[in-house]
Amino acid sequence: MKRLCSIILAAALLLTGCAGSPKPLRAKTSVTQPPAPSPAVDGALTDMGLSLLAELRAKGEENPLLSPLSIGLALSMTANGADGDTQAELEALLGGEAALEELNAACASYLEEYENLGGSTQAAIANSLWADPGGLVKDEFVAKCQDIFRAEVFQQSLSSPSIVGALNGWVSEKTNKLIPEIIQKPFEKNTAVLLVNALYLKNKWAVPFDPLGTYPMDFYHQENAPERMDFLNKGETKMLYISSGDVQGVVLPYDDGRLGFFALMPDVSYGLDPFLADQTGASFSALLLSAEETMFLRLALPKLQVEWSGQLEELLPKLGAELAFQRGAADFSQMGDSAEGYYISQVIHAAKIEVNEKGTEAAAATVVAAPSGACPPPEEGVTLILDHPFVYGICDLNTGLPLFLGVFA
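All values derive from a computational prediction rather than experimental measurement. (Residues numbered from 1 in each chain as written. Predicted model: local features only at pLDDT ≥ 70, side-chain atom pairs only at ≥ 80, totals over all residues. Heavy atoms only, no water.)

1. Re the packing of aromatic side chains
Thinking step 1. Across all of its chains, the model carries 13 aromatic pairs by this definition.
Thinking step 2. Relative to Tyr254, the ring of Trp205 lies with its centre 5.4 Å away and its plane at 15°, an arrangement referred to as stacked. Of this pair, Trp205 sits in the loop between strand S6 (191–204) and strand S7 (215–219) while Tyr254 sits in the loop between strand S10 (247–253) and strand S11 (259–266), and the two are 49 residues apart along the sequence.
Thinking step 3. Residue classification places Trp205 among the buried residues on the basis of a relative accessible area of 4%.
Thinking step 4. For the pair Phe219 and Phe390, a centre-to-centre distance of 6.1 Å together with 75° between the ring planes defines the contact as edge-to-face.
Thinking step 5. Members of the aromatic cluster, joined through ring pairs, are Trp205, Phe209, Phe219, Tyr254, Phe261, Phe390, Tyr392 and Phe408.
Thinking step 6. Sitting over the ring of Phe209, Lys234 keeps its end group 4.3 Å from the ring centre. (Phe/Tyr/Trp six-rings, centres within 6.5 Å; stacked < 30°, edge-to-face > 60°. Helix = DSSP H or I, 4+ residues; strand = E, 2+ residues; numbered from the N terminus. Buried < 20%, exposed > 50% of the residue type's maximum accessible area, 1.4 Å probe, protein only. Lys NZ or Arg CZ within 6 Å of the ring centre and 35° of its normal.)

Here you go:
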């Protein structure tokens, strides 16, 4: 009996490795996509991340955390199997005005640039494609995933219990065990392919916080009593300050000179959710890039350890990619030869971040399935106490692209 095959996408920001147990699959054909940065793709991925964050907040998620880069890479692999209007919708979501060729070049650029950062930064990006023997996946599609996205390719029954240990093992190793489990059970029998991204980042501050300056303070959650938390503290030093209307923030560079941690705190009278609703990818990146070196009298930032996981297949269609998720309407004819076609059935994402005196360590995963000092302070300077809800993440200081994006409320 013919079946409509489902695609499962997984994007992961984590340490990376390979379980080694699945059978490798090599494509017969090869393609080449020279890496090239794309402001259009940077803006589109930022816009997608902000929109997903707003949608998750609207669903009642207090502290969602995700990786626009990780999700974008997994979905971009999928877009290479799409055609017609389905491809056009995915191009618009992931690239704005950029066509598929430009999107692929930008993805290749992310892989090249972020795996070759300086300083003490540890960064690794891994992609993989898991093909079910009955999925009839085309060699041409496999070749694109291998050559553009450097995807490891495995052939394995996706509805067999063995896929649970194999996929979780791959993700766990790639994330240095930060995300030990991404799935709990095998996929439905009509699942043709899994497309998985894993990204791991461990960064040290260019100027670390003094551990002796960490002490408890109150954080004022929305509509809840204050919570006593440890805060990192720094003062009487120059840092990158953001000030725009009702929003203040800080950017803390890492020692690699390319990436930085940001925190943006809207005034209580403005509110976190209205701030998110007002942002576009371009305006948000411009806000991050507007940071200017300023004397801080004091900065206080909560020590964070946040993790989030969930599914995005109900939210992504709201952002414009409707057809890809519709059984019978999606066109993924460039992916495989199933007579009944393919559609995206699941997008599974997990993310984790820790912020401390030395720096940050972050991990995320997405799966898309088809099915104090003694000296007096200076006279002038900024005091920024991040003690009520804020947006934070890890961004590219050259482009404003957020690799991680979260809310702490």
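2. Topic: the pairing of strand S9 (residues 237–244)
Thinking step 1. Pairing analysis gives five bridges linking S9 to strand S12 (residues 292–302), with the strands arranged antiparallel. Bridge assignment links Leu240 to a residue of S12, and that residue is Glu293.
Thinking step 2. Of the strand pairs in this sheet, S9 and S10 are connected by five bridges, and their pairing is antiparallel. From the neighbouring strand, Ser243 faces S10, where its bridge partner is Gln248.
Thinking step 3. What sits between S9 and S10 in their antiparallel hairpin is a turn of two residues, with Gly245 showing a positive phi close to 60°. (Pairing = 2+ DSSP bridges.)

3. Comments concerning the nonpolar core
Thinking step 1. Ranked by size, the top nonpolar core spans 118 residues in total, and within it Leu75, Leu195, Phe332, Ile344, Phe390, Val391 and Tyr392 carry the most contacts.
Thinking step 2. Apart from residues no more than four positions distant in its own chain, Val391 is found in contact with Leu53, Phe262, Ala263, Leu264, Leu272, Phe275, Leu276, Phe284, Leu405, Gly406 and Val407.
Thinking step 3. The next biggest cluster of nonpolar side chains, apart from the first, holds 24 residues, and it includes Trp130, Leu167, Ile179 and Ile182. (Core = buried A, V, L, I, M, F, W, Y, C linked by side-chain atoms within 4.5 Å. Contact = heavy atoms within 4.5 Å.)

4. With respect to the pattern of salt bridges
Thinking step 1. Here the structure, examined in full by the defined rule, presents nine salt bridges.
Thinking step 2. Here Glu152 and Lys174 are joined by a salt bridge, their closest N and O atoms 3.2 Å apart. Here Glu152, found in strand S5 (residues 152–155), pairs with Lys174, found in helix H6 (residues 162–174); they are 22 residues apart in sequence, far enough to count as distant.
Thinking step 3. You can call Glu152 partly exposed: its relative accessible area is 25%.
Thinking step 4. According to the relative accessible area criterion, Lys174 is buried, its value standing at 10%.
Thinking step 5. One salt bridge in this structure joins Lys303 and Glu357, with 3.4 Å as the shortest N-O distance. Placement of Lys303 in the loop between S12 and strand S13 (304–311) and of Glu357 in the loop between strand S14 (342–355) and strand S15 (359–370) is noted, with a sequence separation of 54 residues between them.
Thinking step 6. We classify Lys303 as partly exposed; its relative accessible area is 30%. (Salt bridge = Lys/Arg side-chain N within 4 Å of Asp/Glu carboxyl O.)

5. A few points about the environment of Ser243
Thinking step 1. Within the fold, Ser243 resides in strand S9.
Thinking step 2. Ser243 sits in the partly exposed class, given a relative accessible area of 49%.
Thinking step 3. Considered as a pair, Ser243 and Asp42 are 201 residues apart in the sequence and their alpha carbons are 23 Å apart.

6. Digging into the environment of Phe261
Thinking step 1. Relative to the helices and strands, Phe261 resides in strand S11.
Thinking step 2. On the basis of relative accessibility, which here comes to 0%, the residue Phe261 falls in the buried class.
Thinking step 3. Separated by 94 residues in the primary sequence, Phe261 and Val355 have C-alpha atoms spaced 9.3 Å apart.
Thinking step 4. Those residues in contact with Phe261 that lie beyond four places of it in its chain are Trp205, Val250, Val251, Leu252, Tyr254, Leu301, Val355, Thr360, Tyr392 and Gly393.

7. Looking at the side chain of Ser172
Thinking step 1. You can see Ser172 is positioned in helix H6.
Thinking step 2. We classify Ser172 as buried; its relative accessible area is 12%.
Thinking step 3. Ser172 has contacts with Lys177, Ile179 and Pro180, leaving out every residue within four places of it along the chain.

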